[in-house]
Amino acid sequence: GIQVEQSPPDLILQEGANSTLRCNFSDSVNNLQWFHQNPWGQLINLFYIPSGTKQNGRLSATTVATERYSLLYISSSQTTDSGVYFCAGLNSGGSNYKLTFGKGTLLTVNP
Amino acid sequence: ETGVTQSPTHLIKTRGQQVTLRCSSQSGHNTVSWYQQALGQGPQFIFQYYREEENGRGNFPPRFSGLQFPNYSSELNVNALELDDSALYLCASSLAASGRYTGELFFGEGSRLTVL
């Protein structure tokens, strides 16, 4: 199966700062998604982004499928952005039913 | 449009017992998959159900089993619980054609299982 590497593993910011989270894949993927896990454990969908760039408010994401990576940008961070961010993808060359997750980036935004 | 719902949200069991977790898929979705998330890790795929049959399975022993019902809801059963089964169990639903996803997955709030 594919390997998913996320960086950095931990990130501490002051409120108002910008950040970039990265996700690298060992093989080509489709159905690439970014999630934010809230303190209660629920995975909140941020982006479904197999390729290209999308924006939603202060968040945006870019996937370069040919180079097997995706980036999540958070601008003007707020304390409510704190939590764990996961990327996950389906191996486009394998069985199309298993999302493989990275280990996540733990973001802490201080007031 | 209702989202993915799971029950129970928390439960405590002792080693050797059996547990059943339940999931209702988002309306319009026909596929349910289950994931196990240990503390500090990313979710790990357990299995997927499509058209009431297991359509794919991760690296989990046979004591992890499941069902999907005609209304696309699903159950995850774990027999002979072990301490390492303590985790957050997440259910995800999506739309699939011929067992292959056509879009994104949506997750429920999870069931947090503690095995003592």
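Please refer to the structure higher up on the page.
This is a predicted model, so every value here is computed, not measured. (Residues numbered from 1 in each chain as written. Chains lettered and ligands numbered in written order. Predicted model: local features only at pLDDT ≥ 70, side-chain atom pairs only at ≥ 80, totals over all residues. Heavy atoms only, no water.)

Details of the pairing of strand E7 (residues 59-64) of chain A
Residues and elements named next belong to chain A.
Part 1: Burial analysis of E7 places five of its six residues in the buried class, the great majority of the element.
Part 2: What sits between strand E6 (residues 52-56) and E7 in their antiparallel hairpin is a turn of two residues, with Gly57 showing a positive phi close to 65 degrees.
Part 3: The antiparallel pairing of E7 with strand E8 (residues 69-74) creates a hairpin that spans four residues between the two strands, and Arg68 there sits at a positive phi of about 60 degrees. (Buried < 20%, exposed > 50% of the residue type's maximum accessible area, 1.4 Å probe, protein only. Helix = DSSP H or I, 4+ residues; strand = E, 2+ residues; numbered from the N terminus. Pairing = 2+ DSSP bridges.)

So, the pairing of strand E5 (residues 43-48) of chain A
All names here are of chain A.
Part 1: Summarising the sheet, strand E4 (residues 29-37) and E5 pair through five bridges and their orientation is antiparallel. Within E5, the position partnered with Gln33 by the bridge is Tyr48.
Part 2: A loop of five residues connects E4 with E5, the two strands running antiparallel in sequence, and Gly41 in this loop sits at a positive phi of about 100 degrees.

Overview of the sheet that holds strand E3 (residues 19-24) of chain B
Residue and element names in this part refer to chain B.
Part 1: Taken together, the four strands give an open sheet; going across it, the order is E1-E3-E8-E7, and neighbouring strands pair in antiparallel fashion. A single partner strand is all that each edge strand has here, and the edge strands are strand E1 (5-7) and strand E7 (64-68). Recorded for the sheet is a direction-independent mean angle of 20 degrees between the axes of neighbouring strands.
Part 2: As defined by bridge partners, E3 adjoins strand E8 (residues 74-78) across five bridges and the pair is classed as antiparallel. (Axes fitted to C-alpha atoms, helices over the stretch in contact; angles between N-to-C directions.)

Details of the layout of surface pockets
Part 1: The calculated volume of the largest pocket comes to roughly 390 Å³.
Part 2: Around the largest pocket sit 23 residues that line it, and A:Gln37, B:Gln37, B:Leu39, B:Gly40 and B:Gln41 are the ones nearest its centre.
Part 3: When residues of the lining of the largest pocket are traced back to their parent elements, those giving at least two are strand E9 (83-91) and strand E11 (105-110) of chain A together with strand E9 (87-94) and strand E13 (111-115) of chain B.
Part 4: A total of three residues in the lining of the largest pocket trace back to one element, the largest contributor, which is E13(B).
Part 5: Its residues assigned to classes, the lining of the largest pocket shows 10 nonpolar, 10 polar and three charged.
Part 6: Computed from the structure, the second largest pocket encloses a volume of approximately 270 Å³.
Part 7: Around the second largest pocket, the lining comprises 15 residues; the ones closest to its centre are A:Ile2, A:Gln3, A:Thr100, A:Phe101 and B:Gln44.
Part 8: Those elements that provide at least two residues to the lining of the second largest pocket are strand E10 (99-101) of chain A together with strand E5 (44-50) of chain B.
Part 9: Considering every element that reaches the lining of the second largest pocket, the biggest residue donor is E10(A), with three residues.
Part 10: Here the residues of the lining of the second largest pocket are counted per class, giving six nonpolar, seven polar and two charged. (1 Å grid on protein atoms, 1.4 Å probe; cavity = no way out; pocket = protein on both sides within 12 Å on 5 of 7 lines; lining within 4 Å. Points joined across faces, edges and corners; volume = space filled by probe spheres on them. Nonpolar A, V, L, I, M, F, W, Y, C, P; charged D, E, K, R; others polar.)

Comments concerning the state of the cysteines
One covalent bond between the sulfur atoms of two cysteine residues makes up a disulfide.
Part 1: Considering all chains together, one arrives at two disulfides over all chains under this definition.
Part 2: Note on cysteine connectivity: A:Cys23 is disulfide-linked to A:Cys87, with sulfurs 1.9 Å apart. The sign of the 75 degrees torsion about the S-S bond sets the A:Cys23-A:Cys87 disulfide as right-handed. Taken together, the residues span a long stretch of sequence, with A:Cys23 in strand E3 (residues 19-25) and A:Cys87 in strand E9 at a distance of 64 residues. Assigned by exposure class, A:Cys23 and A:Cys87 land together as buried.
Part 3: The side chain of B:Cys23 participates in a disulfide bridge whose partner is B:Cys91; the two sulfur atoms lie 1.8 Å from each other. Disulfide B:Cys23 to B:Cys91: torsion about the S-S bond roughly -65 degrees, handedness left-handed. Of this pair, B:Cys23 sits in strand E3 while B:Cys91 sits in strand E9, and the two are 68 residues apart along the sequence.
Part 4: Judged by its relative accessible area of 0%, B:Cys91 falls in the buried class. (Disulfide = S-S within 2.5 Å.)

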